[in-house]
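An overview of the molecular structure
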Amino acid sequence: MNFTIEDILLGASILLFLSILISKSLGRFGIPALILFLGVGMLAGSEGIGGIYFDDPLTAQSLGTIALTLILFSGGLDTRWESIKPVLWRGVALSTLGVFVTAVLVGLFAFYMLNFSLLEGLLLGAIVSSTDAAAVFSILRSKNIGLKNNLRPTLELESGSNDPMAYFLTVSFTFLITNAGASIWQLVPMFFLQMSIGAVMGVLMGRVMAWVINRIKLEQEGLYPALTLAMVVFTYAFTYLIKGNGFLAVYIAAVILGNRNFIHKRSLTRFYDGVAWLMQILMFLTLGLLVFPSHMLPVVGAGMLISFFLIFVARPVSVFISMTFFKSTLQDKLYVSWVGLRGAVPIVFATYPLLAGVENSDLIFNIVFFIVLTSVMLQGTTLTPVAKWLGLSEEDHKPKKYQFDLEMGYDLKNELTEVFLPEQSTAVGKSLVDLHLPKGVLIVLINRGGKFVTPDGATVLQPNDILFVMTDNDEEFSKVNQALGV
């Protein structure tokens, strides 16, 4: 059957609407929204009620690459350096050593327990070795649960930066399987080369993006998203062209850009947040269409076996090894081990052996899909109770920032920040004038028990006050936190 562009647009719009409607209805039960999008795609597929036949791994992989690029850029843009700086090396260890250990353990298990060759087992392990940030934090944030001991920035950093490592391992093991004469030792210099080029390109393009945005002076504000989009795509594609890791380059560039001052920052950040959600929905819908549920039935046993090994053995072992070098409690390690959600990325990576013609690629794809389903349904629905059980949850009083569009100059960044003042704050009982706030900082309003107070220097702060603080930059905001004792 031939479909016109109008048919495709109509079907896509209906699927998008249904996905969002279902996520709104069922998300309250703790089911990750993205897994619901995946379910809608499966229902709309050839073996579902929609009857849409889609069997094109190349298209799915291409869409997944574009989507992952934009999702990583959006995530990096929202990453605050002051949050990840204390946990930088812990996050890096989890996203590199942790991914490698997970891939090896799952690979060896598949080799011994299933009818896989060693390389095929390692390929399967590489595909499922990275975690999914979107599913994790859509639940934590919707429940308004904070995490102690800097666990949230650790998990955000790991989830945002572990895809490049998983991608490298997936491509490498696919290469070794399809090239019998290749040696595993060829991968070592390739790894350092790809990661080095990706890191250098990320740092370079992050600075270039900030410089270009601030100096190009476009007449229409609506052209700035198009400009940044061009630079994001260029960063990935050019880095890939010169044999670097494009995903790593995009993520680092976004982190650097997001921590610099540039005009239209608020509108661009919101634009990419919306693009990231759209890409996640489209990616899960496409992958849902790609899978054939009847093909998954024969692999239920193998899928359950590998999934449980990944959740209860491989992930915890990799976390405990990676966090051995850092000061962490047993509860921290256990919770990080549990937050090992697998999302759309492993499914996208599973299309690489499909397209390369690997012998057991269909079996690998169906097992990966089953692992993702079981991981998200088991772990994704229990993140909040497990955090409470381990005593790691706390009320999320993380300051909320609202950036005004007062972009009168390149280096001006006016932010109105909502800061909650807990009872144990050292500022409680003090007047504003006694806090010695930095010059240029202004407390414009206080929400006190639902009533708003216009403050002056003599205003005495009380427990549970919510302050609306105007600052020009993140450095000033850090000083405000110190002065308020939060």
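An account of the accompanying structure is given in this report. (Residues numbered from 1 in each chain as written. Predicted model: local features only at pLDDT ≥ 70, side-chain atom pairs only at ≥ 80, totals over all residues. Heavy atoms only, no water.)

**Some points on the overall build of the chain**
- Helices and strands together make up the secondary structure of the chain, namely 21 helices and seven strands.
- Taking all 486 residues of the chain together, 52% fall into the buried category.
- Partitioning the contacts of the chain with sequence separation of at least 6, the portion at a separation of at least 24 is 78%.
- Accessible surface for the chain amounts to roughly 22200 Å². Of this, 65% is attributable to carbon and sulfur atoms. (Helix = DSSP H or I, 4+ residues; strand = E, 2+ residues; numbered from the N terminus. Buried < 20%, exposed > 50% of the residue type's maximum accessible area, 1.4 Å probe, protein only. Contact = heavy atoms within 4.5 Å. Areas by Shrake-Rupley, 256 points an atom, 1.4 Å probe, with all protein chains shown as cover.)

**Quick notes on the packing of helix 3 (residues 57-77) against helix 11 (residues 223-241)**
- Two elements in contact, helix 3 and helix 11, have axes whose closest approach is 11 Å; the angle formed by their N-to-C orientations is 115 degrees. The angle between helix 3 and helix 11 places the two elements in the roughly perpendicular class. Regarding helix 3 and helix 11, the two cross each other, and that crossing is right-handed. From helix 3, Thr65, Thr69, Leu70 and Phe73 reach across to helix 11, where they touch Leu229, Val232 and Tyr236.
- Residue classes in the contact of helix 3 with helix 11 are distributed as five nonpolar, two polar and no charged. (Axes fitted to C-alpha atoms, helices over the stretch in contact; angles between N-to-C directions. Parallel < 35°, antiparallel > 145°, perpendicular 65-115°, else oblique. Left-handed = near helix turned anticlockwise from the far one by under 90°. Nonpolar A, V, L, I, M, F, W, Y, C, P; charged D, E, K, R; others polar.)

**Points about the pairing of strand 5 (residues 442-448)**
- Pairing of strand 5 with strand 7 (residues 466-471) involves five bridges; the strand directions are antiparallel. Each bridged residue has a counterpart across the sheet, and for Leu442 the counterpart in strand 7 is Met470.
- In this sheet, strand 6 (residues 451-453) lies alongside strand 5 in antiparallel orientation, the contact comprising three bridges. Counted as the bridge partner of Arg448 is Lys451 from strand 6. (Pairing = 2+ DSSP bridges.)

**So, the pattern of salt bridges**
- Considering all chains together, one arrives at two salt bridges under this definition.
- In this structure, Asp465 and Arg448 form a salt bridge, with 2.8 Å as the shortest nitrogen-oxygen distance. Of the two residues, Asp465 sits in the loop between strand 6 and strand 7 while Arg448 sits in strand 5, which places them 17 residues apart along the sequence.
- Given the relative accessible area of 0%, Asp465 is considered buried. (Salt bridge = Lys/Arg side-chain N within 4 Å of Asp/Glu carboxyl O.)

**Side note on the packing of aromatic side chains**
- Here the structure, examined in full by the defined rule, presents 17 aromatic pairs.
- On the basis of an interplanar angle of 75 degrees and a centroid distance of 5.2 Å, the ring pair of Phe191 and Phe192 is categorised as edge-to-face.
- Residue class for Phe192 comes out exposed when judged on its relative accessible area of 52%.
- With a centroid separation of 6.4 Å and an interplanar angle of 45 degrees, the aromatic rings of Phe452 and Phe468 are classed as tilted. Taken together, the residues Phe452 in strand 6 and Phe468 in strand 7 connect sequence positions 16 residues apart.
- An aromatic cluster of three or more residues is present, and its members are Tyr167, Tyr236, Tyr240, Phe247, Phe349 and Tyr352. (Phe/Tyr/Trp six-rings, centres within 6.5 Å; stacked < 30°, edge-to-face > 60°.)

**As for unusual backbone geometry**
- You will see that Lys217, though not glycine, has its phi angle at about 55 degrees, which is positive.
- Judged by its relative accessible area of 57%, Lys217 falls in the exposed class.
- Phi at His264 takes a positive value of approximately 60 degrees, unusual for a residue other than glycine.
- Inspection of the secondary structure puts His264 in the loop between helix 12 (246-258) and helix 13 (265-290).
- The buried category is assigned to His264, whose relative accessible area is 15%.

**Examining the side chain of Thr374**
- Among the secondary structure elements, Thr374 is positioned in helix 19 (residues 361-379).
- Apart from residues lying up to four places away in sequence, Thr374 is in contact with Met304, Ser307 and Gln379.

**Remarks on the environment of Leu257**
- Structurally, Leu257 can be placed in helix 12.
- Once the C-alpha coordinates of Leu257 and Met205 are considered, the two residues, 52 residues apart in sequence, prove to be 8.7 Å apart.

**A look at helix 8 (residues 151-161)**
- Here helix 8 lies mainly inside the structure; 10 of its 11 residues are buried.
- Those residues of helix 8 that sit buried are Leu151, Arg152, Pro153, Thr154, Leu155, Leu157, Glu158, Ser159, Gly160 and Ser161.

**Concerning the nonpolar core**
- Among the nonpolar cores identified, the biggest contains 118 residues, and Phe73, Ile213, Leu287, Ile306, Tyr335, Ile367 and Val368 are the most heavily contacted of them.
- The element best represented in this core is helix 13, accounting for 12 residues.
- Setting aside residues up to four positions removed in sequence, Phe73 forms contacts with Met209, Val232, Val250, Ala254, Leu257 and Tyr272.
- Judged by nonpolar contacts, the second largest core, of 14 residues, contains Val419, Ala427, Leu467 and Leu484. (Core = buried A, V, L, I, M, F, W, Y, C linked by side-chain atoms within 4.5 Å.)

**Comments concerning the pairing of strand 7**
- The element strand 7 is extensively covered by neighbouring structure, given that six of its six residues are classed as buried.
- The alternating pattern of strand 7 places Ile466, Phe468 and Met470 on one face and Leu467, Val469 and Thr471 on the opposite face, and all of these are buried.

**As for a nonpolar patch on the surface**
- Taken together, the side chains of Leu297, Val300, Met304, Phe308, Phe312, Val313, Val317, Ile321 and Leu378 define a hydrophobic patch exposed on the protein surface, amounting to about 710 Å² of accessible area.
- Take the nonpolar patch: its biggest share by element is seven residues, from helix 15 (residues 300-322).
- Looking at the secondary structure, you find Ile321 in helix 15.
- Take Ile321: its relative accessible area is 36%, and that puts it in the partly exposed class. (Patch = residues over 30% accessible without salt bridge, like charges linked within 9 Å, V, L, I, M, F, W, Y side chains within 5 Å.)

**Section: the environment of Leu63**
- Position of Leu63 among the secondary structure elements: in helix 3.
- As for Leu63 and Thr286, which are separated by 223 residues in sequence, their C-alpha atoms are 8.4 Å apart.
- Excluding anything up to four places from it in sequence, Leu63 contacts Leu282 and Thr286.

Everything listed here is a matter of geometry and, on its own, says nothing about what the molecule does.
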